[in-house]
Amino acid sequence: MGLVALVLFTYRAQLNRLPKAAAKTLLALRLLSVVVLTFAMFRPAFQKTDTDDNPVQLLILSDVSRSMNTADMPGGITRFNAVRSDLSKYESKWKELGKQIEVRQFDFARDLSAFDSKLTEGTGDQTAFGKVLDDVILETRDHRSLGLLLLTDGAQRAVPPYDADPLTAARKLGDSQIPLYAVGYGESSLSASLDLSVEDLRVDPVVFERNLCRSPASSVRTGRKERKFACGC
């Protein structure tokens, strides 16, 4: 109201010198400017809310590598059978989550694969967490994901080209706001000691036919003793 009064009284002298039509038009434009300015001072905004009815997915990954065949779980059962027992035990609980949460099960070893309920033991020759988590990222790209449940003995054993860094893939999941919950199976310590391990081996990459060469001494640890020997090629 103060702005309106200011416009009416401030520009009265100027409006008297103009034709009536021009004066009325100019006064109307100035009053309109006051109205627009007042409207802008309230910072008006439009808000639209959309509801996403698509179900949220929960991914459950079961380790099916051969290391899961180790029988070190309570009752002498294998890690693989312990995982399958837990999956069967909580299957009814997942159904109670309703239609808004879709539980998707996968098997993994060297890479991600469809869940095979008929599998009776671990058959995978590698456990490649980095490669598997990269595959999971592709599965979650077009779906909202509640989280990732990883059922495994926790041992990364992979060779190129499946030896991707698991931490890098896990950080990508974190950037996508997808939490990862790992459930470990098996004993935390080795069930048997290592009798022989090669610590260092140096061999000349160039070998000539019918020639006998000796590489520098290599060290091998056997039990508590360390032995050095020369490797012939």
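Basis of the calculations
- Residues numbered from 1 in each chain as written.
- Predicted model: local features only at pLDDT ≥ 70, side-chain atom pairs only at ≥ 80, totals over all residues.
- Heavy atoms only, no water.
- Helix = DSSP H or I, 4+ residues; strand = E, 2+ residues; numbered from the N terminus.
- Buried < 20%, exposed > 50% of the residue type's maximum accessible area, 1.4 Å probe, protein only.
- Contact = heavy atoms within 4.5 Å.
- Areas by Shrake-Rupley, 256 points an atom, 1.4 Å probe, with all protein chains shown as cover.
- Pairing = 2+ DSSP bridges.
- Axes fitted to C-alpha atoms, helices over the stretch in contact; angles between N-to-C directions.
- Parallel < 35°, antiparallel > 145°, perpendicular 65-115°, else oblique.
- Left-handed = near helix turned anticlockwise from the far one by under 90°.
- Nonpolar A, V, L, I, M, F, W, Y, C, P; charged D, E, K, R; others polar.
- Phe/Tyr/Trp six-rings, centres within 6.5 Å; stacked < 30°, edge-to-face > 60°.

### Some details on the overall build of the protein chain
Working step 1: A count of helices and strands for the protein chain gives seven helices and eight strands.
Working step 2: Residues classed as buried in the protein chain amount to 26% of the 233 residues present.
Working step 3: Of the contacts formed within the protein chain by residues at least 6 apart in sequence, a portion of 66% connects residues at least 24 apart.
Working step 4: As displayed, the protein chain offers around 16800 Å² of accessible surface, 56% of which is attributable to carbon and sulfur atoms.

### Some words on the sheet that holds strand S4 (residues 145-152)
Working step 1: Pairing within the open sheet is mixed, and its five strands lie in the order S3-S2-S1-S4-S5. Edge strands, defined here as strands with exactly one partner in the open sheet, are strand S3 (112-114) and strand S5 (180-184). The sheet shows a mean angle of 30° between the axes of neighbouring strands, taken without regard to direction.

### Some thoughts on the packing of helix H1 (residues 2-10) against helix H3 (residues 20-41)
Working step 1: Two numbers describe how H1 lies on H3: the axes approach to 10 Å, and their chain directions differ by 160°. Our classification of the angle between H1 and H3 gives roughly antiparallel. Here H1 runs over H3; the crossing is right-handed. Here Leu3, Val4, Val7 and Leu8 of H1 lie close against H3, whose contacting residues are Leu27, Arg30, Leu31, Val34, Leu37 and Thr38.
Working step 2: In the contact of H1 with H3, the residues fall into eight nonpolar, one polar and one charged.

### So, the packing of aromatic side chains
Working step 1: Under the defined criterion, the tally for this structure stands at one aromatic pair.
Working step 2: Relative to Phe129, the ring of Phe108 lies with its centre 5.8 Å away and its plane at 50°, an arrangement referred to as tilted. On the criterion of sequence distance, the pair formed by Phe108 in strand S2 (residues 101-108) and Phe129 in helix H6 (residues 129-139) is long-range, its members being 21 residues apart.

### Quick notes on the packing of H6 against helix H7 (residues 166-175)
Working step 1: Closest axis-to-axis distance for the H6/H7 pair is 8 Å, and the angle between their directions is 20°. One way to sum up the angle between H6 and H7 is to call them roughly parallel. For the pair H6 and H7, the crossing hand works out as left-handed. Between H6 and H7, the residues in contact are Phe129, Gly130, Leu133, Asp134, Val136 and Ile137 and Pro166, Ala169, Ala170, Lys172 and Leu173, respectively.
Working step 2: Residue composition of the contact of H6 with H7, grouped by class: eight nonpolar, one polar and two charged.

### Some thoughts on the side chain of Arg79
Working step 1: Structurally, Arg79 is set in helix H4 (residues 79-89).
Working step 2: Once residues lying within four places of it in the same chain are set aside, the contact partners of Arg79 are Ser67, Met68, Thr70, Asp72, Met73, Asp153, Tyr185, Gly186 and Glu187.

### A word on H4
Since the α-helix packs 3.6 residues into each turn, any two residues three or four apart lie on the same face.
Working step 1: Of the residues making up H4, those classed as buried are Arg79, Phe80, Ala82, Val83, Arg84 and Leu87.
Working step 2: Considering only its buried residues, H4 is in contact with strand S1 (56-63), helix H5 (91-95), S2 and S4.

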